[in-house]
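Structure at a glance
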Amino acid sequence: MSEGLLRLVTHTSENRSLRKEALCPGIMPSLPNPDKIIFFINGRKVTEENADPETPLLHYVRTFHHLTGTKYACGSGACGACTVMVSRYDPKTKKIHHYPATACLLPVGSLHGAAVTTVEGVGSIKTRIHPVQERLAKCHGTQCGFCSPGMVMSIYTLLRNHPEPTPEQVTEALGGNLCRCTGYRPIVESGKTFCVKSTVCQMKGSGKCCMDQEESSCVNKPEKICTKLYDENEFQPFDPTQEPIFPPELIRMAEDPNKRRLTFQGTKTTWIIPVTLDDLLELKITFPSAPIIMGNTAVGPSIKFKDAFYPVFISPVGLPELCFADATDSGGVTIGAGYSLAQLTDTLLFTISEQPKEKTQTHRALLKHLRTLAGLQIRNIATLGGHVVSRPNYSDLNPILAAGNATINLRSKDGERQIAINGQFLERVPEADLKSEEIVLSVNIPYSTQWEFVAGLRQAQRQENAFAIVNAGMSVTFEEGTNTIKDLKMFYGSVGPTVASAPETCKELTGRQWNDQMLSDACRLVLAEIHIPPDAEGGMVEYRRTLIISLLFKFYLKVKRGLNKIDPQKFPDIPEKFVSALEDFPIETPQGLQMFQCVDPHQSPQDPVGHPVMHKSAIKHTTGEAVYCDDIPPVADELFLAVVTSTRAHAKIMSIDTSEVLAHPGVVDVVTAEDVPGDNNHSGEVLYAQNKVICVGQIVCTVAADTYLHAKEAAKKVKIAYEDIEPRIITIEQALEHNSFLSGEKKIEQGNIDEAFKHVDHIIEGEVHVEGQEHFYMETQSILAIPKQEDKEMVLHLGTQFPTHVQEFVAGALNIPRNRVECCMRRAGGAFGGKVSKPSLLGAVCAVAANKTGRPIRFILERGDDMLITAGRHPLYCKYKIGFMENGVIKAADVEYYVNGGCTPDESEMVVEFLVLKSENAYHIPNFRCRGRPCKTNLPSNTAFRGFGYPQATVVVEAYINTVAAHCNLLPEEVKEINMFKKLSKTAYGQTFNPEPLRRCWKECLEKSSFHARKQAAEEFNQKNYWKKRGLAVIPMKYTIGIPISFYNQAAALVHIYLDGSVMVIHGGCEIGQGLYTKMIQVASRELNIPESYIHSNGTSTVAVPNAVFTAGSMGTDANGRAVQNACQILMARLQPIIRENPEGKWEEWITKAFAESISLSATGYFKGYQTNMDWEKGKGEAFPYFVYGAACSEVEVDCLTGAHKLLRTDIFMDAAFSINPAIDIGQVEGAFIQGMGLYTIEELKYSPEGVLLSRGPDDYQIPTVTEIPEEIYVTLVHSQNPIAIYSSKGLGEAGMFLGSSVLFAIYDAVTAARKERGLTKIFPMNSPVTPELIRMTCMDQFTDMIPRDDPSTFTPWSIHVS
Ligand SMILES: Cc1cc2nc3c(=O)[nH]c(=O)nc-3n(C[C@H](O)[C@H](O)[C@H](O)COP(=O)(O)OP(=O)(O)OC[C@H]3O[C@@H](n4cnc5c(N)ncnc54)[C@H](O)[C@@H]3O)c2cc1C
Ligand code: FES
Ligand code: FES
């Protein structure tokens, strides 16, 4: 991502004081001879005289060193895509310290004296591939590959420090890296190959590997089942002694006895590295407002996202006086402010190993929170001093430090003093704060005493690398030998603008006994004292209130147990049923097994079809050599584009004032609707808003400038005046009120629904809400548009699933024929449906700018803009009425769906068609009516997303099945079994199918997962545990691939054979990480009967393959495979006479001969497409070519007090028919499952009531990390027949998504158990996602009863649901 080099003064209230300093030239240091930043990148010395020191390393290495392996995906330190290894020499210990760091938060100035290793420095195809890179690739740990360099760097750095890591270290090392494709399991597995004893597939401590066991006990393997997706024997050995040495020059620099203060001068800022503590204190007097820049993890984001500006930075990183740890037997541990949080962890670990347990309660509590605080990349750069001083309101450490009576040692020129980390300090009361000339020298963490208890508690949307929703640090000291409270401390994070304390509550309770009455009073008091207003920022108000007392209760139990441990006679223990409430869920290293059909032993060894062939770009992914759009080297004269988007949901544009913009440095032009020579409104999709805006996030204009930062800064100066238009429609409810729809109703119906309802035992009616989902592809939308000098030609490079569509939009916008527009697509860093239609709009926006300026335009969306502009999965609202018999047989269902389509048509109508057609899922309901309609709202237009409506629609089906089961007092699985398709059947729209594979998947899933035995065990667990509950669910699936319109299923390919025998395969499909190109090479290899190594594919383009349809709907391999097959077969037919003549000849000889005989060695292949149709008038059709079946069983454990859940195990059975590439197919199944699990559990978009998307980055929108995936995952590809598809395969790209709902329903199963025990038998709504908030608030109890509730009519909430 392009970051500029300049920072400008901005006018926010937050930085007004800083601005004053900036405007006062007198206080800038005079710089006759500024110093040079000296550091190493990949072993090469870099001496920077002119770089702006605050420039993030990510931008620096990508732009100035063309090291594009380090990726931008968020810019906020939260995704790990930009991970690099930083190495420093410590002259005190004489040791070299290697640590991972996020390059997007590392200012270049902070790297003086450091050695940086990027993925290119680890290994490359040109030189030598490192074992980490090789194994990640060979273990199938890459799909789109965009996260892979970051993954490599995390594992590589771990190995530099621990050449034989433990599995736990591997999991921890990956905790800060997001991957949206793989589901993490193969990535962890690749890391585990370095562990002392490879623990791949070691089943639950048995130490036995399923792969090695003929008679494996863990899963009953049927005949001819393979479990090896790669061969460990092929891995090159890892020799840690072969790593590059640390540059001796840096050692000399670090040991230089004559070190002096260094000053780096940038264009706008000055970076000063003090040489001693005294020097630092001196600087603090000279520049009182200058930040002390340590990890930059608080300052960096404030500059980037909050427009803070600092003219001077003081950077004492590594100053010995700040980097130390001292422990005394009495006074606790004193830790230097310069210690990173990782060093803090090491120190605390040492302390707890040395000291008795009762003395180290604070230290243990801190350690617990440190394990999940951000990822290791952040923990290695963020410092204790920075954390304590920046005092984030969500701080995980400060509440514990305060509860543990920690103090801060301050130093200034005037001397030393101590201040307490207490309520006043955390609440930023000026008298309790640092003075501007003071710095934090260290923090003292005292030991706890025998009669003192300290704990840290937290709950976040996901377990690791997520800010707490609420956290707490609490301590209590008792009068010796009693349970009388002598001192009580309570601190809460994320409950207000600062960490909050509850001094009145604590005072009131002092002197009380630690008993239930005290607890009850404590809850009442603390709720009164810590008030979260109903419209509080962050929302989840009632949940947060509940957490305040739920966490308190947890503390209460912990202390009670602690007292009992001291004196069991005097202090009663907590009830046995409550014990499990004490502990948080552990972080386990995931493990699993993948099973698939073995290749027929008679198949030619050269034929790769059916083998788990590695992704063809995998090694390039892991070495960082795979080129994504923004990795394309700069094009001469290129400009960068920044967008200006609407801030109103529905308004007239009164004026657009760009007068200040053009005067901004570097700005070349501003582009508006008036600059579109052709179509600004293409089929209802508006490129640049004209006259009015219809959602927040609509593009109003763009600014083209010489750097991205110039464009971005200038874009802020565009002034747009609006006048709101009524109505403003944000939610489906509002759309229904206003009769606002994007298209008409779609309906299917069978039987006689009205009649059927008259003859059923029971009728239930209900509603289900399913919220939307952000694609969160790791590579944001990226486009490079290059105008050609001749004939108005325009070439676009971009990551898209539909180059033809981009071509159509661009041609329309520029008013030129499509033959002047070339769209090239090599690969996309993830897509998931989000790159079907949106790149067309953005491509046209970009092409208009390129056309106007006459210069190439690079248009890379920042993560926040991408999330805002491109929208995602459709939120859904459903009303249902179900008629059923006492025995669970469902006789009638009447279902009405509405989706929130947003402000333009996009693909909403088609999404509704799909969800209606797929809405019966695996169940035969003889009288069935389903209707659906897309609502038009003033939200950004929602679009295609893996599963295309099905994952939302079928949650409703499972929800009403569950409700029926509850009414009939049956297990949901029993009702599913009763109503499931069993024999040759017809869908509700009249298409015949054989559900035999569905039955097989279902049965095998129940059996192999030992569902009934585990369900029984879960019930026993639930009886013994009041606050933790387990739940299981099995979900069957009948999925369809393809499109009910035949021409959308067509595909074309172009196969060239060159005279050396090498082959080029081009087709219209796009490589978006799903391994399409790999499979196509497998197909061509089989058809041409040549090794895969002869065949190459280098992307697709509208010039090579015209009019290609989108790569979506799980159809990529089906359609393109047949086209490639066709082309190859044409070529082979041409070659046949030559082969017949010389059957023993070599391929190369045949080719030479063919050329000599003037036989064309190039052929186009074509697949007409599956013949599908749907007559919506009649509601009947042969809508889909075939069905994909599956089943999944998941087991979870839920913490009823916090709403946390842990996914214990998942078993997936997927009907793959014959898998062309089991590694790729299993990768798709697992990846989709985890993405589905995210949709149904933790991924939550937040909108303001005004229609503003509030969740615009990985901090606010959490996708699953390595900690969320099942502790155990078993995937089986079930063999069946599918003669219609190439090699009898099936398209598996999307199907796994819905199986993620097994987690949702397992959670509901656990929640139901909790509710039952609390006497709550009323059936509750099952909405999605089932977030920690929803879980906690549904497990109602005395705490949820206790919290204050607000009258919704009296306030405007911070966020609303839009489904
Ligand atoms: C992606 C991400 C995830 C995070 N997740 C969590 C989380 O889950 N939980 C959590 O609690 N925190 C989290 N954080 C916050 C993180 O812990 C803090 O940002 C960090 O500890 C600040 O330390 P730093 O060294 O980077 O500070 P810097 O940004 O370098 O400095 C911060 C401030 O401290 C001042 N300062 C620094 N050192 C001193 C000193 N010695 N004396 C006086 N002033 C000083 C500076 O002047 C500056 O104002 C996260 C941050 C990021 C980026
Ligand atoms: S881009 Fe740096 S962490 Fe995401
Ligand atoms: S492979 Fe990890 S994000 Fe695509």
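Think of each chain on its own: its residues are numbered from 1, step by step along the sequence as written. Think of it this way: whatever chain is written first is A, whatever ligand is written first is 1, and the rest follow in order. The predicted origin of the model limits local features to residues at a pLDDT of at least 70 and limits the giving and counting of side-chain atom pairs to 80 or more, whereas totals for whole chains, interfaces and linings rest on all residues. For side-chain calculations, the full set of non-hydrogen atoms in the structure is used, while hydrogens and water are omitted.

Helix 38 (residues 1301-1317) packs onto helix 29 (residues 950-968) with a crossing angle of 30 degrees between their chain directions and a minimal axis gap of 11 Å. Regarding the angle of helix 29 to helix 38, the classification is roughly parallel. Once helix 29 is placed against helix 38, the crossing between them reads as right-handed. On helix 38, the residues touching Val955, Glu958, Ala959 and Asn962 of helix 29 are Ser1301, Leu1304 and Phe1305. Residue polarity follows a fixed list, in which Ala, Val, Leu, Ile, Met, Phe, Trp, Tyr, Cys and Pro are nonpolar, Asp, Glu, Lys and Arg are charged, and the others, Gly among them, are polar. When its residues are assigned to classes, the contact of helix 29 with helix 38 shows four nonpolar, two polar and one charged. In this analysis, axes come from line fits to C-alpha atoms, helices being fitted only over the stretch in contact, and the angle between any two N-to-C directions falls in the range 0 to 180 degrees. Comment: elements are numbered from the N terminus, with helices defined as DSSP H or I runs of at least four residues and strands as E runs of at least two. With respect to orientation, any angle under 35 degrees is reported as roughly parallel, any angle over 145 as roughly antiparallel, any angle of 65 to 115 as roughly perpendicular, and every other angle as oblique. By definition, any crossing whose near helix is turned counterclockwise from its far helix by less than a right angle is left-handed, and any crossing with a clockwise turn is right-handed. In what follows, a contact means two residues having at least one pair of non-hydrogen atoms within 4.5 Å.

Here we take up the state of the cysteines. Sulfur atoms of two cysteines make up a disulfide when they are within 2.5 Å. The tally for this structure, following the rule as stated, stands at one disulfide. Linked covalently through their sulfurs, Cys226 and Cys598 form a disulfide whose S-S length is 2.3 Å. Taking the torsion about the sulfur-sulfur bond, which here is approximately 125 degrees, the covalent link between Cys226 and Cys598 counts as right-handed. Placement of Cys226 in strand 6 (residues 225-226) and of Cys598 in the loop between strand 19 (591-597) and helix 20 (618-623) is noted, with a sequence separation of 372 residues between them.

Moving on: the confidence of the model for the protein chain. Think of pLDDT as the predictor's per-residue confidence, scored from 0 to 100. When pLDDT is averaged across the protein chain, the result is 94; 96% of the residues are at 70 or more. Predicted confidence for residues 1-30 stays below pLDDT 50, and this span has 73 contacts to residues more than four positions away or in other chains. Note that pLDDT drops below 50 for residues 199-222; the model gives that stretch 45 contacts with residues more than four away or on any other chain.

By definition, two strands form a pair when at least two bridges between them are found by DSSP. On the basis of which strands lie adjacent, the open sheet formed by five strands has the order 10-11-14-12-13 and antiparallel pairing. A strand with exactly one partner marks an edge of an open sheet, and here the two such strands are strand 10 (325-328) and strand 13 (415-420). Across the sheet, the mean angle from the axis of one strand to that of its neighbour is 20 degrees, orientation sign disregarded. As defined by bridge partners, strand 12 (residues 407-412) adjoins strand 13 across six bridges and the pair is classed as antiparallel. Bridge assignment links Asn409 to a residue of strand 13, and that residue is Gln418.

Considering the arrangement of structural elements, one finds Val170 in helix 6 (residues 167-173). A C-alpha to C-alpha distance of 56 Å links Val170 and Ile1159, two positions 989 residues apart in sequence. Residues contacting Val170, with those up to four places away along its chain left out, are Leu158, Pro165, Val188, Gly191, Lys192 and Cys195.

In this text, buried Ala, Val, Leu, Ile, Met, Phe, Trp, Tyr and Cys residues form a nonpolar core when linked through side-chain atoms within 4.5 Å. We call a residue buried when its accessible area falls under 20% of the maximum for its residue type, exposed when it is over 50%, and partly exposed in between, using a 1.4 Å probe and counting protein chains only. In this structure, Tyr492, Trp514, Tyr897, Tyr960, Trp1147 and Met1214 are the most contacted members of the largest nonpolar core, which totals 270 residues. When residues of this core are assigned to their parent elements, the largest contribution, 13 residues, is made by helix 19 (residues 541-566).

Cis geometry is adopted by the peptide bond preceding Pro727, which originates at Glu726 and carries an omega value of -5 degrees. Mapped onto the elements of the fold, Pro727 is located in the loop between strand 27 (719-724) and helix 23 (732-737). A cis amide bond, omega 5 degrees, links Ser1328 with the succeeding residue Pro1329. Here Pro1329 lies in the loop between helix 38 and helix 39 (1332-1338). Of note in this structure, Asn42 is not a glycine but carries a positive phi near 50 degrees. One can find Asn42 in the loop between strand 1 (37-41) and strand 2 (44-48).

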